[in-house]
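# An overview of the molecular structure
So the chains spell out like this:
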Amino acid sequence: ENDPCDIIVYKGITANSDGINDVFEVENIQLETYQNNTVQIFNRWGQLITEIKGYNNSSKSWPNKDELGKLESGTYFYVIDLGITCSLLFFIYLL
């Protein structure tokens, strides 16, 4: 069994379709312990950009292919509800 909040969040994204750091990666979020997770992404003004239930770094991730090239570089904020007793709030930077 995993400890609560046993995840690692990578804070840099280069959404340029080169296959490296193209999406917001949350290590271990795909584990069964966190299958009921929800990830919310907000812009710098606090507006909700997306909410993804069951985030898994691949088929359910941010930004998706339709959003690549449409997002502004800058700081975004996230809330991760792991579906257990732990939630995280912090920022990521989109280059």
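A brief report on the enclosed structure follows. (Residues numbered from 1 in each chain as written. Predicted model: local features only at pLDDT ≥ 70, side-chain atom pairs only at ≥ 80, totals over all residues. Heavy atoms only, no water.)

## Some details on the pattern of salt bridges
Applying the stated rule across the entire model yields two salt bridges. Put simply, E72 and R44 hold a salt bridge, and the shortest N to O gap is 3.5 Å. Of this pair, E72 sits in the loop between β5 (48–53) and β6 (74–81) while R44 sits in the loop between β4 (38–42) and β5, and the two are 28 residues apart along the sequence. Judged by relative accessible area, R44 falls into the partly exposed class, the value being 48%. (Salt bridge = Lys/Arg side-chain N within 4 Å of Asp/Glu carboxyl O. Helix = DSSP H or I, 4+ residues; strand = E, 2+ residues; numbered from the N terminus. Buried < 20%, exposed > 50% of the residue type's maximum accessible area, 1.4 Å probe, protein only.)

## Comments concerning the packing of aromatic side chains
Counted according to the given criterion, the structure contains three aromatic pairs. An angle of 65 degrees between the planes, with centres 6.1 Å apart, marks the rings of F24 and Y55 as edge-to-face. Remark: Y55 occurs in the loop between β5 and β6 and F24 occurs in the loop between β2 (12–13) and β3 (26–27); sequence separation between them is 31 residues. One exposure class covers both F24 and Y55, and it is buried. Where F24 meets Y78, the ring centres are 5.0 Å apart and the plane angle is 45 degrees; that geometry is what we call tilted. Taken together, the residues span a long stretch of sequence, with F24 in the loop between β2 and β3 and Y78 in strand β6 at a distance of 54 residues. With a relative accessible area of 3%, Y78 lands in the buried category. (Phe/Tyr/Trp six-rings, centres within 6.5 Å; stacked < 30°, edge-to-face > 60°.)

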